[in-house]
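# Residue-level structural notes
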Amino acid sequence: MKTALITGSSRGIGKAIALAFADAGYGIVLNGRTPSAELQETHRQISEKKVPCLALAGDVGDALFCERMFAETQRQLGSVDVLVNNAGISHIGLLQDLTPQQWDRLLRTNLSSAFYCCRLAIPSMVARQSGCILNISSVWGVYGASCEAAYSASKGGLNALTRALAKELAPSGIRVNAIACGAIDTDMNRFLDAEERGALLEEIPAGRMGDPREVAALALQLAQAPDYLTGQIIQIDGGWI
Ligand code: NAD
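Residue numbering note: each chain is counted from 1, following its sequence as written. Only residues with pLDDT of at least 70 are given local features in this predicted model, and only at 80 or more are side-chain atom pairs given and counted; all residues enter the totals for whole chains, interfaces and linings. Based on all heavy atoms of the structure, the side-chain values leave hydrogens and waters out of the count.

## Section: the packing of helix 1 (residues 12–23) against helix 2 (residues 37–47)
Orientation is described by lines fitted to C-alpha atoms, with helices fitted over the stretch in contact, and by angles between N-to-C directions that extend from 0 to 180 degrees. Helix and strand definitions follow DSSP, with helices as H or I runs of at least four residues and strands as E runs of at least two, each counted in order from the N terminus. It is the contact of helix 1 with helix 2, at a shortest axis distance of 10 Å, that shows an interaxial angle of 15°. Judged on the interaxial angle alone, helix 2 and helix 1 are roughly parallel. Helix 1 and helix 2 meet at a crossing whose hand is right-handed. Listed contacts from helix 2 to Lys15, Ala18, Leu19 and Ala22 of helix 1 are Thr42, Gln45 and Ile46. Here the angle decides the label: under 35 degrees means roughly parallel, over 145 means roughly antiparallel, 65 to 115 means roughly perpendicular, and every other value means oblique. Crossing handedness is defined as follows: a turn of the near helix away from the far one that is anticlockwise and smaller than a right angle gives a left-handed crossing, while the clockwise case is right-handed. Should any heavy atoms of two residues lie within 4.5 Å, those residues are considered in contact.

Rendered as structure tokens:
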């Protein structure tokens, strides 16, 4: 049985990805920043699917926690076949009002976390000459968004990491791709009031936000894609950007 480790999978896009991989028969490692009721509920839903499931709460922006998470995964489920770097936070506001502490937290959560997890996942993937890394990115990492400069920088970094690491790991049979999401209907967008949400929907040719299950379906397809597909930043945005 293959194992998929999905960071930030207590809810939202990460949860949908975990459910899709569980349906495909993968053993699942769940993660959320805190041992929340949401994480426990996701663990219950995956366990019902009769696949092994671990829920490891902690901050993936902390390199030491990532080491503990991979050690526990190795102990209970073996090596990671698919790593999905999904955990992320957003910050809306002018760059000049952002504190260095907020910048550091955002970059650690959205970008350093991917480095911490990749460096722990890669050695066993190289040994087996196979593996798949998926980075959950954003259209803002490609195009930039006003009042989301730090977030855009973190996702732009994730996209560059994807392209560079794909080249580094292709000789070892490991694929690295990113999914650049448009507006997906999760808690991350709950801050929008009805008027803002309406204005956003008017801009999106598809006329609606994406469903987390659509991102999950794409993630599973990428994990099962031909070996030659690597280094891509694939947009899923309803034709928005
Ligand atoms: P969400 O807020 O619903 O879920 C975020 C998840 O990440 C939660 O499980 C949370 O516990 C976890 N998380 C946050 N900080 C963490 C940390 N330090 N350590 C471990 N886990 C942490 O958000 P979502 O919309 O599901 O977003 C998932 C990913 O998709 C993020 O990387 C986000 O940037 C990206 N994305 C989302 C959208 C969107 O419109 N929702 C658009 C583009 C990209």
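From this point, things continue past the structure.
## A look at the pattern of salt bridges
Any carboxyl oxygen of Asp or Glu that lies within 4 Å of a side-chain nitrogen of Lys or Arg is treated as forming a salt bridge with it. Throughout the structure, instances matching the rule amount to 14 salt bridges. Among the ionic pairs, Arg190 bridges to Asp185, the shortest N-O distance being 3.2 Å. Within the structure, one salt-bridge network assembled from shared partners comprises Arg11, Glu38, Asp185, Asp187, Arg190 and Arg197.

## Re the pairing of strand 1 (residues 3–6)
Throughout, exposure labels follow a simple rule: accessible area from a 1.4 Å probe, protein chains only, divided by the maximum for the residue type, with under 20% read as buried, over 50% as exposed, and the rest as partly exposed. Of the two faces of strand 1, the one lined by Thr3 and Leu5 and the one lined by Ala4 and Ile6 are each fully buried. As defined by bridge partners, strand 1 adjoins strand 2 (residues 27–30) across four bridges and the pair is classed as parallel. Of the residues in strand 2, the one forming a bridge with Thr3 is Gly27. By convention, orient the strands away from the viewer: a clockwise path from the first strand over the helix to the second makes the crossover right-handed. Between the parallel elements strand 1 and strand 2, the chain passes through helix 1 in a crossover that is right-handed. Whether two strands pair comes down to DSSP finding at least two bridges between them.

## Here we look at helix 1
Spanning twelve residues, helix 1 covers 17 Å between terminal C-alpha atoms, matching the ideal 16 Å at 1.5 Å per step. For helix 1, a buried count of nine out of twelve residues is recorded, marking the element as mostly surrounded by other parts of the structure. Those residues of helix 1 that fall on the buried side of the exposure criterion are Ile13, Gly14, Lys15, Ala16, Ile17, Ala18, Ala20, Phe21 and Ala22. Directly beyond the C-terminal end of helix 1, a positive phi value near 95° is found at Gly25. One less than the residue count of a helix, multiplied by 1.5 Å, gives the span that helix is expected to have.

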